[in-house]
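# Observations on chain architecture
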Amino acid sequence: MKKSPILALLAVAFITLPAMLAQVPADKDTPAPKSAPQPRKSVIRPTIPTADRHEPGKVFLERADRLMFDQARDSGVQIVVGNVLFRKGDMFMYCDSARFNESTSSLDAYLNVHMEQGDTLFVYGDELYYDGIQELAELRSYPGNRVRLINRDVSLTTDVFFYDMAAEVGYYETGGTLTDKQNTLRSLQGFYYPSTKDAFFYLNVDLEGPRENDTLRMYTDSLTYNTATRIAQLMCPTLIVNKDGEINSSSGFYDTNLGLADLYNRSRVHTRRGNYLTGDTLFYDREKGFGEAFGNMVLTDSVRQSELRGDYGYYNELTDSAFVTGNALGMEYSKADTLYLHGDTIQAYMLPDSTKVTNVYHRVRFFRRDLQGLCDSLSSVERDSIIYMYYHPIIWNGENQIAGNVIYVHFNDSTTDWARLPESGMVAQHVGEDCYDQLAGADMTAWFNDSTIRRLYVEGNVQQIMFPMENDSTYNKFIFNESSYMDAFFLDNKVEHLVMWPETTGKATPLYLAKRSSYYLDQFRWFEPLRPMSPDEIFDYPPEMDGLKGMQFFSKVNPEAYTVRGTVLGKPKPQQPPTPDPRNALPKGAALTGDSIAGIEDELVKPHVADSLERIDDSLRLTTDSLAVSPSGVEIPETIDEPDAADTPAEAPDSPVEESGVDLRDELCLLPDRISLNRGKEVAA
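Residues numbered from 1 in each chain as written. Predicted model: local features only at pLDDT ≥ 70, side-chain atom pairs only at ≥ 80, totals over all residues. Heavy atoms only, no water.

The subject of this paragraph is the overall build of the protein. A count of helices and strands for the protein gives 8 helices and 46 strands. Within the protein, the fraction of its 685 residues that count as buried is 48%. Partitioning the contacts of the protein with sequence separation of at least 6, the portion at a separation of at least 24 is 45%. Total accessible area on the protein is roughly 34,800 Å²; 51% of this is exposed by carbon and sulfur atoms. (Helix = DSSP H or I, 4+ residues; strand = E, 2+ residues; numbered from the N terminus. Buried < 20%, exposed > 50% of the residue type's maximum accessible area, 1.4 Å probe, protein only. Contact = heavy atoms within 4.5 Å. Areas by Shrake-Rupley, 256 points an atom, 1.4 Å probe, with all protein chains shown as cover.)

Here it is as structure tokens:
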């Protein structure tokens with residue numbers, strides 16, 4: 001029991017001895033510190049300062065104000081806060097705080113997030129999620145903000161933006177807008193390559209390019225655009241709209257800076273004049289208003305209701321001129337009937353006074369239901385509504401064939417109004433077998449009504465051959481007439497009344513007394529095999545058309561006939577006969593009888609038959625004694641001089657004229673110095 005105090009003292013001494021020893025002064029040679037050391041600020045340094053920053057797929061933490069690590073909560077995840085900077089190659093990523101997994105090079109960054117590559121690419125957002133394995137960055141924005149990418153003069157905004165660092169492409173899938181110095185593009189999906197400046201847009205794509213007093217717009221579902229060249233590539237049906245018109249195309253390129261378009265896959269340009277240019281391949285210069293089409297070109301003029309078609313062509317909107325070649329076709333459909341016109345080349349242009357001129361060169365053929373024709377060259381002048389046909393022109397109207405050196409055809413409201421042959425011509429009509437009614441002259445004009453000829457006027461060297469139909473619908477004679485002037489009126493394409501003056505010679509020849517060659521005038525040719533009978537046949541080129549070039553039917557052409565285009569204004573005015581038309585001298589519906597003739601001036605019935613109709617060879621002779629006026633009308637004696645025996649075949653009957661059925665009462669009405677022919681009527685016209 002007495003040992004206890006001693007043991008207690010020993011225990012106290014053992015506990016306090018270390019403290020007492022620590023207070024023992026140190027060696028005199030060791031200086032004491034002047035003051036206590038200051039605590040250092042905590043800074044997170046790169047764990048591998050000398051590592052290659054361009055190591056593929058590796059993300060480095062370059063700096064942060066604080067670093068935290070909770071092994072129990074997030075295994076392998078570092079939490080960095082304040083002035084955080086990550087680096088992957090040349091891409092730097094900034095934020096206020098982040099969670100960083102160094103093993104996978106993945107991170108989640110928050111607040112004031114932006115990515116920076118060199119001095120050209122910047123991306124701003126509120127949150128960044130980077131997958132180090134896929135090397136894909138996803139940037140998000142808070143409500144009211146937008147993720148922004150800035151690449152020099154290009155800006156891209158969206159709500160959620162993805163950037164593939166391996167492919168160096170940014171994209172969005174929830175709608176975005178890309179803007180450069182000239183254009184703004186919007187779409188639901190978009191891809192942008194900063195290195196190549198290429199952008200791809202999908203779904204509800206809208207390009208808008210503001211200009212001074214103009215705005216360019218594009219609407220499509222797929223579009224490629226380069227922000228450096230400002231060239232858009234069309235990838236599906238696209239509508240391009242500006243103040244000058246519209247473009248429809250599904251493939252091609254459009255330079256939004258210069259207004260140039262290269263378009264493929266059957267594209268169409270709609271100009272401000274209302275014209276449409278369509279082609280398999282199109283080139284269009286918006287500034288110059290010039291469009292060029294390759295393959296199945298179609299130029300539609302909606303104002304004039306016409307079309308030009310061909311294998312190749314162009315259209316100049318500023319000058320309103322066009323050119324087409326290769327199966328060239330012109331169509332005019334302002335009325336119910338359409339005019340189809342073909343030639344090797346079709347050219348249209350505007351004169352300084354705004355008159356439209358259309359020229360068609362070589363192998364010209366045209367078709368319309370009421371009018372068909374052909375020639376080597378053709379010109380149409382809008383000022384006078386006339387088609388000028390040159391070099392062996394031929395036109396057909398119903399059963400009539402009209403041919404001449406030059407033909408002018410006038411249209412009134414797209415309907416044939418009149419046609420003129422100023423440099424000799426011929427009108428012919430097939431009446432049966434080898435019989436053709438023919439009329440030739442130095443200057444001819446025909447007027448039409450409802451697609452049928454209603455009047456024919458000829459002056460100079462008038463020659464006519466007619467085959468009158470007998471009562472039994474047969475033809476057994478023809479009549480040949482010559483005069484200086486002729487005026488004929490038609491009804492249902494048949495001669496109703498014909499007047500020739502001032503002096504007329506003629507003869508009637510039975511067919512059985514005539515040689516076949518005498519049936520025709522020297523200028524006569526029948527070109528029915530060349531006639532186009534349908535719109536498709538205007539593209540046919542019969543070999544006989546080449547033969548026309550070497551033929552000379554009429555007199556030589558006056559060179560001025562080729563230079564009067566656009567000056568033939570108004571209808572031609574024919575000269576009037578020197579004596580009145582007997583149809584106009586009588587009351588309407590009255591017949592020409594002896595009593596009625598007595599009421600007309602004496603000169604109207606003064607017989608000059610000897611000068612007006614002479615006997616030639618085998619023709620019929622009329623003398624002053626053969627015409628008499630009686631109360632019953634104009635009578636012609638039944639007895640007529642017979643032809644000479646030398647001209648009569650041996651087997652011919654004694655009275656060939658009578659047997660041939662020649663009835664001059666139905667054919668000839670003789671007036672002073674002129675002859676009037678009437679068909680199927682008494683002497684009344």
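Next comes the rest of the description.
Here we come to the pattern of salt bridges. Within this structure, the stated rule accounts for 26 salt bridges. Here Asp206 and Arg186 are joined by a salt bridge, their closest N and O atoms 3.7 Å apart. Remark: Arg186 occurs in strand β13 (residues 184–187) and Asp206 occurs in strand β15 (residues 198–211); sequence separation between them is 20 residues. A salt bridge links Arg531 to Glu528; the nearest nitrogen and oxygen atoms lie 3.4 Å apart. Residue classification places Arg531 among the buried positions, given a relative accessible area of 11%. Through salt bridges with shared partners, a single ionic network connects Asp214, Asp244, Arg272, Arg286 and Glu317. (Salt bridge = Lys/Arg side-chain N within 4 Å of Asp/Glu carboxyl O.)

Glancing now at a nonpolar patch on the surface. Nonpolar side chains collect at one region of the surface, where Ile231, Phe253 and Tyr264 lie side by side and expose about 230 Å² of accessible area between them. The topology assignment puts Phe253 in strand β20 (residues 251–255). (Patch = residues over 30% accessible without salt bridge, like charges linked within 9 Å, V, L, I, M, F, W, Y side chains within 5 Å.)

This part takes up the nonpolar core. The tendency in soluble globular proteins is for nonpolar side chains to be buried side by side. Among the nonpolar cores identified, the biggest contains 93 residues, and Phe86, Met115 and Leu456 are the most heavily contacted of them. Contact partners of Phe86, with chain neighbours within four places excluded, come to Val59, Phe60, Leu61, Glu62, Val80, Met91, Phe92, Met93, Cys95, Ala98, Phe100 and Leu107. In this structure, Tyr436, Ala440, Tyr519 and Phe553 belong to the second largest nonpolar core, which totals 25 residues. (Core = buried A, V, L, I, M, F, W, Y, C linked by side-chain atoms within 4.5 Å.)

As a further point, take the packing of aromatic side chains. Within this structure, the stated rule accounts for 21 aromatic pairs. Ring plane angle 50 degrees and centroid distance 4.9 Å describe the contact between Tyr436 and Trp526, whose orientation is recorded as tilted. Taken as a pair, Tyr436 in strand β37 (residues 435–441) and Trp526 in the loop between β42 (505–510) and α2 (544–548) lie far apart in primary sequence, 90 residues in all. A ring pair is formed by Tyr520 and Phe524, whose centres lie 5.2 Å apart and whose planes are at 5 degrees; its orientation type is stacked. (Phe/Tyr/Trp six-rings, centres within 6.5 Å; stacked < 30°, edge-to-face > 60°.)

Before going further, it helps to spend a moment on the confidence of the model for the protein. Here the protein averages 79 in pLDDT, and 75% of its residues register 70 or above. Below a pLDDT of 50 lies the segment residues 21–30, which in the model reaches 0 contacts outside its immediate sequence neighbourhood of four places, other chains included. (pLDDT = per-residue confidence, 0-100.)

Within the secondary structure, Lys335 sits in the loop between β27 (321–332) and β28 (339–350). Those residues in contact with Lys335 that sit more than four places away from it in its chain are Asp413 and Ser414.

Here Thr238 is to be found in strand β18 (residues 238–242). In this structure Thr238 comes out as buried when scored by relative accessible area, which is 3%. Within the structure, the side chain of Thr238 is placed 3.0 Å from the side chain of Thr220, a separation counted as a polar contact. For Thr238, the residues in contact, after removing those within four places along its chain, are Tyr219, Thr220, Ile247, Asn248 and Ser249. (Polar contact = N/O pair within 3.5 Å; in protein donor to acceptor, adjacent residues only side chain to side chain.)

A few words now on the pairing of strand β36 (residues 425–432). Taken across its 8 residues, β36 has 7 buried, putting it largely inside the fold. Here 7 bridges tie β36 to β37, and the two strands are oriented antiparallel to one another. Its bridge partner being in β37, Ala428 is matched across the sheet by Gln438. (Pairing = 2+ DSSP bridges.)

Let us look at unusual backbone geometry. A cis amide bond links Trp501 with the next residue in sequence, Pro502, at an omega value of 0 degrees. Its identity as a non-glycine residue notwithstanding, Lys197 has a phi of 70 degrees, on the positive side. Within the secondary structure, Lys197 is located in the loop between β14 (189–193) and β15. For His362, which is not glycine, the phi dihedral falls at a positive 65 degrees. With respect to the helices, strands and loops of the structure, His362 is situated in strand β29 (residues 356–368). The exposure class of His362 is partly exposed, given its relative accessible area of 41%.

This brings us to the environment of Ala64. As for its placement among the helices and strands, Ala64 is situated in the loop between β1 (60–63) and β2 (66–69). Each C-alpha atom of the pair Ala64 and Ser97 lies 8.4 Å from the other, and the pair is 33 residues apart in sequence.

So, on to the pairing of β42. Counting buried residues in β42 gives 5 out of 6 residues, a clear majority hidden from the surface. Where strand β40 (residues 477–491) and β42 come together, 6 bridges link them in antiparallel fashion. Within β42, the position partnered with Glu482 by the bridge is Thr505.

Among the secondary structure elements, Ala508 is positioned in strand β42. What makes Ala508 buried here is its relative accessible area of 11%. Put simply, Ala508 and Phe480 are 28 residues apart on the chain and 6.3 Å apart in space, counted from C-alpha to C-alpha.

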